[in-house]
Each structure stands twice: as structure tokens, then as C-alpha cells.
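So you can see what is in the structure, the chains are spelled out below.
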Amino acid sequence: MPRNFLINLRTQGSRTPLVLVLCDEASRQVPEFLNSDRPIFALKHQGGDGQRIQLNTVEAIAERYLADLRSAAPSGPVVLCGYSFGGVVAFEMAQQMAAAGERPPLLIVIDSYAPVLHQDAMDHGRNYLNVLKDRMISQIVEHRLNHGIPLKGKLNHFHIIQTYSHAVSQYRPRPYSGRLALIRAADSWGPADLGWYVLAQGRFVTREMDCDHVSIVKSNSRELTALISQLLEEAEC
């Protein structure tokens, strides 16, 4: 496991720092289009070494990410922005920050399902053959991990996704009183709020992009950044 999951993408700027939580391709592309007067950090995935993932609960991942973040930005407000599973982690990071008296001025989740809808979203469009295939791959992954054989390629990706899925299924989120914004892909399954409305006790807004779950961060970064910028301006941060 790396000593630090934090990547410092931009050090300069007077505006509230933006923290991209597991935003994949967007972590590389958003800084190109976002106002240059804003520091930007990114938090990367576990599993880069192909070994068994050690932090396997949402709470533990959020706690570690916050510790890494505060090693670079010891004080002051930050805006949290998480994609997919990263949205759930960012939500828990915001909860832990709020409990410490440091609630973020804005939390953005990008095409991320609230935990209550996670399993339904994972099961959507799947059939018995998909389930059987996953069981077989899971057995291969466990065999390799138990024998100290590093995972590579699709097997490592499967282990990461499986770990994240289990973490969300065990997570019991509390209502959040801060400012919460959802950017969702129009092609994603589920209700317009992706299940977040019931957890939002503060201001809650949604924005929609004409794309799917993958392309929202992979090939639509300019539009995504424009929406993030808009939300930042509305929150005056």
C-alpha cells in the first residue's frame, strides 16, 4: 500500500482547493479546463500493486484519504468531488470533516449511486451467466491473493471493483446537512437523484449530462468541468 494516495495537481491559487476523489480520467483532464486560480488535489485508487486491498470499508478509506489530504493542506476549507465509488467516499469524507467542525462548503458526486441503490444498480441488466462468471473470477482472484501472486489487468480491476462494491453494501450513511450537488449521466439507470435526496438535509441540486457512466469522465471532461465551475460559483467557493 502506498505511503500516500494524494496527488498534488496544482499548488497555486487563492480559491478554495478542489479535491478529486477517484475521478479517473477526469483527474488528469479537469485541471486543463478549470480556473487556474484554484489548487487541485486528486486521491487515487488502492490496488496499484496487485496485492489484496487493505482498506476495505468506506469509513476506513475516507479516514485515510483525509489524513493524506491534511498532510498537504493542514487547514482550511476544501471542496470534495467524487466519481462513482469515489462519490460515496467523498460523502463519508464530508461527514467526517463535518464531525470535526470542518464541513466542506460544497460536496459534488459525479454519477454516483447513494448506498441504498447500490445493489440494484449493480444488478441492473445482469443475468445468471454474469453472476456465474463473477463467482469463477472471484475464486481465481482469491486463489492468487492467498498464494501471494500479484493480480494484473482485468483480475486486478475485478478485485478493486469487488472490494468497493462490498464496502458500499456494508456502509450505513447518515443524513448530510451540507451543500450537496449531483452531476449524473442521462444514460445511467435509476431515479433522477440516484438516491441522494433522502440523505440531503441541506441544499441539494442536480445537473445532467447527455452521456453514460464511463464517458462522463473519459470523454466529456470539458462539459463536466464547466458544470463543476458553475457549481463552485453558485456556492461562492
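Residues numbered from 1 in each chain as written. Predicted model: local features only at pLDDT ≥ 70, side-chain atom pairs only at ≥ 80, totals over all residues. Heavy atoms only, no water.

Engineer: Give me the lowdown on the overall build of the protein, citing residues and values where you can.
Structural biologist: Each helix and strand counted, the protein has 8 helices and 7 strands in total. Relative to the globule expectation of 18 Å for 237 residues, the C-alpha radius of gyration of the protein, 17 Å, shows essentially globular dimensions. With the C-alpha coordinates of the protein rotated into their principal frame, the extents come out at 50 × 40 × 35 Å. Counting over 237 residues, the protein shows a buried share of 49%. Contacts in the protein between residues far apart in sequence, at least 24 positions, make up 75% of those at least 6 positions apart. Surface summary for the protein: the accessible area is close to 11700 Å², and the carbon and sulfur share equals 50%. (Helix = DSSP H or I, 4+ residues; strand = E, 2+ residues; numbered from the N terminus. Rg over C-alpha atoms; globule rule 2.2 N^0.38 Å. Buried < 20%, exposed > 50% of the residue type's maximum accessible area, 1.4 Å probe, protein only. Contact = heavy atoms within 4.5 Å. Areas by Shrake-Rupley, 256 points an atom, 1.4 Å probe, with all protein chains shown as cover.)

Engineer: Break down a negative patch on the surface for me, citing the residues and quoting the values.
Structural biologist: On the surface, D187, D210, D212 and E223 cluster together into a negatively charged patch. Mapped onto the elements, D212 comes out in the loop between β7 (204–209) and α7 (215–218). (Patch = residues over 30% accessible without salt bridge, like charges linked within 9 Å, V, L, I, M, F, W, Y side chains within 5 Å. Salt bridge = Lys/Arg side-chain N within 4 Å of Asp/Glu carboxyl O. Lys, Arg positive; Asp, Glu negative; His and termini not counted. Charge placed at Lys NZ, Arg CZ, Asp CG, Glu CD.)

Engineer: Explain the packing of helix α2 (residues 58–72) against helix α3 (residues 85–99) to me, using residue names and the numbers behind them.
Structural biologist: Two elements in contact, α2 and α3, have axes whose closest approach is 9 Å; the angle formed by their N-to-C orientations is 70°. Taken together, the axes of α2 and α3 lie roughly perpendicular to each other. Here α2 and α3 pass one another in a crossing that is right-handed. Packed against α2, whose contacting residues are V58, E59, I61, A62, E63, Y65, L66 and R70, the element α3 presents F85, V88, V89, E92, M93, Q96 and M97 at the interface. A class-by-class count of the residues in the contact of α2 with α3 yields 10 nonpolar, 1 polar and 4 charged. (Axes fitted to C-alpha atoms, helices over the stretch in contact; angles between N-to-C directions. Parallel < 35°, antiparallel > 145°, perpendicular 65-115°, else oblique. Left-handed = near helix turned anticlockwise from the far one by under 90°. Nonpolar A, V, L, I, M, F, W, Y, C, P; charged D, E, K, R; others polar.)

Engineer: Could you give me a rundown of the sheet that holds strand β4 (residues 79–83), with the residues and numbers involved?
Structural biologist: In spatial order, the strands read β1-β3-β2-β4-β5-β6-β7; together these 7 strands make up an open sheet with mixed pairing. Edge positions in the open sheet fall to β1 (6–10) and β7, since each of these has one partner strand only. The average undirected angle you get between the axes of adjacent strands in this sheet is 20°. Pairing analysis gives 4 bridges linking strand β2 (residues 18–21) to β4, with the strands arranged parallel. Note that in β4 the partner of L20 across the bridge is C81. (Pairing = 2+ DSSP bridges.)

Engineer: Describe the packing of aromatic side chains, naming the residues involved and giving the relevant values.
Structural biologist: Using the criterion set out here, one finds 6 aromatic pairs in the structure. Between the aromatic rings of F85 and Y164, the centroid separation amounts to 4.0 Å while the plane-to-plane angle is 15°, which identifies the pairing as stacked. One end of the pair, F85, is in helix α3; the other, Y164, is in helix α6 (residues 153–170), with 79 residues separating them in the sequence. Judged by its relative accessible area of 5%, Y164 falls in the buried class. (Phe/Tyr/Trp six-rings, centres within 6.5 Å; stacked < 30°, edge-to-face > 60°.)

Engineer: Pulling in residues and values, what's your account of the nonpolar core?
Structural biologist: Of all hydrophobic cores here, the largest spans 45 residues; its most connected members are V21, Y65, L80, F85, M93 and W196. Put simply, the parts of the chain that give this core at least two residues each are β2, β3 (40–43), α2, α3, β5 (107–110), α4 (115–123), α6 and β6 (180–185). The element best represented in this core is α3, accounting for 8 residues. By size, the runner-up hydrophobic cluster in this structure holds 29 residues, among which are L18, I40, I108 and A181. (Core = buried A, V, L, I, M, F, W, Y, C linked by side-chain atoms within 4.5 Å.)

Engineer: Can you break down unusual backbone geometry residue by residue, with the values?
Structural biologist: Of note in the backbone geometry, D111 takes a positive phi value of approximately 45° without being a glycine. Following the sequence through the fold, D111 ends up in the loop between β5 and α4. For D111, a relative accessible area of 1% corresponds to the buried category. The phi dihedral of E236 falls on the positive side, at around 55°, and the residue is not glycine. Along the polypeptide, E236 turns up in the segment after α8 (221–234). Judged by relative accessible area, which is 75%, E236 ranks as exposed.

Engineer: Kindly report on the pattern of salt bridges, identifying the contributing residues and their values.
Structural biologist: Applying the stated criterion to the full structure yields 6 salt bridges. When the shortest N-O distance is used, the salt bridge between D68 and R64 registers 3.1 Å. Of this pair, D68 and R64 both sit in helix α2, 4 residues apart, which is roughly one turn of the helix. The burial state of D68 is the same as that of R64; both residues are buried.

Everything listed is a geometric property; what it means functionally is a separate question.
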